[in-house]
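# Notes for the structure review
Spelled out from the first residue to the last, the chains are:
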Amino acid sequence: RSARAVAAAMSVFVTRRIPAEGLRVLSQASGCRVQQWDSEEPVPRAELLAGVAGTRGLLCLLSDRIDREVLEAAGPDLKVISTLSVGFDHLALDEIKKRGIRVGYTPDVLTDATAELSVALLLSACRRLPEAAEQVKSGGWTTWKPLWMCGYGLSDSTVGIIGLGRIGQAVARRLKPFGVRKFLYTGSGPKPETAAEFGAEFVPLMRLAEESDFVVVTCALTPATQGMCNKDFFGRMKKTSVFVNTSRGAVVNQEDLYDALAHGQIAAAGLDVTTPEPLPTDHPLLSLKNCVILPHIGSATYATRSTMAVLAANNLLAGLRGEPMPHELKL
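Residues numbered from 1 in each chain as written. Predicted model: local features only at pLDDT ≥ 70, side-chain atom pairs only at ≥ 80, totals over all residues. Heavy atoms only, no water.

### A look at the overall build of the protein chain
Applicable threshold: Numbering of helices and strands starts at the N terminus; helices are DSSP runs of H or I of at least 4 residues and strands are runs of E of at least 2. Each radius of gyration reported is based on C-alpha atoms, and the globular scaling rule is 2.2 Å times the count of residues to the power 0.38. The buried label applies to any residue whose accessible area, calculated with a 1.4 Å probe on protein chains only, is under 20% of its type's maximum; exposed applies above 50%, and partly exposed to all values in between. Only heavy atoms enter the contact rule, under which two residues are in contact if any of them lie within 4.5 Å.
Each helix and strand in the protein chain was counted, giving 13 helices and 13 strands. Its C-alpha atoms give the protein chain a radius of gyration of 22 Å, near enough to 20 Å, the size a compact globule of 331 residues would have. With the principal axes as the frame, the protein chain shows a C-alpha extent of 80 × 50 × 30 Å. Buried residues in the protein chain amount to 47% of all 331 residues. Considering only residue pairs separated by 6 or more positions, the protein chain has 63% of its internal contacts joining residues 24 or more positions apart.

This is the structure:
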């Protein structure tokens, strides 16, 4: 009977095909019984509800909405949720806390990859790289012209960072050698120790909008940040400024962003996150030359995704064993 009890104690449901290294950690763990939705595509809602029933542990992705319905389908045995993400806005934390369920997540390990992508997206947007590459293919490149395909450079510029957390700092660290003159930042409060490395100044959101040549959004999605970059915000930005978002799509009011880009209120934008995801192929933003949109690939390096999967697996196992997790979200 004790062997059966151990197996029940270690039964887990994995909501997607994840990097092999992560799955290996689970399958090699003593007494861990893994059930997995083995597909590149998200688990259908009905399969998710059936899959979690009676399990002790759940390993999920940011595309899985873990709400009260899922928690009720899981039943009282669910003790641990491990998300393969640094963001946790897909988790109903109040409901999870109420049930005494522990939550693991994967911060730090994707910081560098996401910061690199943020810089790549910023350069792509400000130097018009996708637009220029398209001209080569379409025959628009006829000769060298003094003003053709001109964009904006980082040298001697002011960069505003919304959310000077791990990723925001990593972005600033990478942008500094480009000759940025000044860093501004905003968030829930000043971080003088952190900001000292970049000589960054803490300013209100609207002052950041007014003074920055480049705005990079790397904050978490919370009720306070939802829809924060809106008509008023874009209206305060310079006509020559470039806006980049690699955090969560809902931080931006996309209708307002479209208007700002279409009417020349701002110069360009680069987005790795949108609402919804995927963005419908007929979405107005996709009709704009001055908007570069990527399919949420901030952490998409082989090494990073593999490390995330292993960390998510280790968080899950530690939680199931009643041990401290490598990275636990304190509820």
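### Quick look at the pattern of salt bridges
Here is the rule we go by: Here, a salt bridge means any Lys or Arg side-chain nitrogen found within 4 Å of an Asp or Glu carboxyl oxygen.
Under the definition given, this model contains 23 salt bridges. When the shortest N-O distance is used, the salt bridge between E95 and K98 registers 3.3 Å. Linking E95 with K98, this pair stays in helix α5 (residues 93-98), spanning three residues, or about one helical turn. Taking relative accessible area as the criterion, K98 reaches 61% and is therefore assigned exposed. Here R173 ties to E197 by a salt bridge, and the two come within 2.7 Å at their closest N and O atoms.

### Concerning the domain arrangement of the protein chain
As a reminder, the rule being used: Start and end positions for the domains come from either an automated domain assignment or a database one. The term buried area refers to how much accessible surface (probe radius 1.4 Å) is lost by two components on association, counted for both of them together. For this analysis, a polar contact is any N or O atom pair within 3.5 Å, provided that within protein one partner can donate a hydrogen and the other can accept it, and provided that sequence-adjacent residues contribute only side-chain to side-chain pairs. Residue polarity is assigned by list, with Asp, Glu, Lys and Arg as charged and Ala, Val, Leu, Ile, Met, Phe, Trp, Tyr, Cys and Pro as nonpolar; anything else, Gly included, falls into the polar class.
Domain annotation of the protein chain identifies domain 1 (10-107 + 302-329) and domain 2 (110-293). A C-alpha centroid distance of 32 Å is found between domain 1 and domain 2. Taken together, the nine residues of domain 1 in the interface contact five residues of domain 2. Carbon and sulfur atoms make up 61% of the area that domain 1 and domain 2 hide from each other, which totals about 650 Å². Counting across the interface, domain 1 meets domain 2 through one salt bridge. The salt bridge involving D89 is made with R248; its shortest N-O contact spans 3.1 Å. Seen at the junction of domain 1 and domain 2, the total is one residue pair in polar contact (both at pLDDT 80 or more). Of the residues that constitute the side of domain 1 that touches domain 2, the class distribution is five nonpolar, three polar and one charged.

### A look at the UniProt feature "domain: D-isomer specific 2-hydroxyacid dehydrogenase catalytic" (unreviewed entry) in the protein chain
Under the convention used in this document: UniProt positions are given in the numbering used here, feature names are shortened, and annotations may be inferred rather than shown by experiment.
The UniProt feature table records "domain: D-isomer specific 2-hydroxyacid dehydrogenase catalytic" (unreviewed entry) at residues 12-329. For the annotated span residues 12-329, helix accounts for 35% and strand for 15% of the residues, and the straight-line distance between the end C-alpha atoms is 19 Å.

### Quick look at the UniProt feature "domain: D-isomer specific 2-hydroxyacid dehydrogenase NAD-binding" (unreviewed entry) in the protein chain
The feature "domain: D-isomer specific 2-hydroxyacid dehydrogenase NAD-binding" (unreviewed entry), as given by UniProt, occupies residues 119-298 in the numbering adopted here. Within the segment residues 119-298, helix and strand shares are 31% and 15% respectively, and the terminal C-alpha atoms sit 11 Å apart.

### A closer look at unusual backbone geometry
Cis peptide bonds are those with omega within 30 degrees of zero, and the linkage from T275 to P276 qualifies with -5°. Summarising the element assignment, P276 is placed in the loop between β11 (268-271) and β12 (291-293). Across the junction of E277 and P278, the peptide omega takes the value -5°, indicating a cis bond. Relative to the elements of secondary structure, P278 occurs in the loop between β11 and β12. Phi is positive for M149, close to 60°, though the residue is something other than glycine. Turning to its location among the elements, M149 is positioned in the loop between α7 (129-138) and β6 (158-162). A relative accessible area of 17% places M149 in the buried class. Phi angles above zero are rare outside glycine, and D156 is one such case at about 65°.

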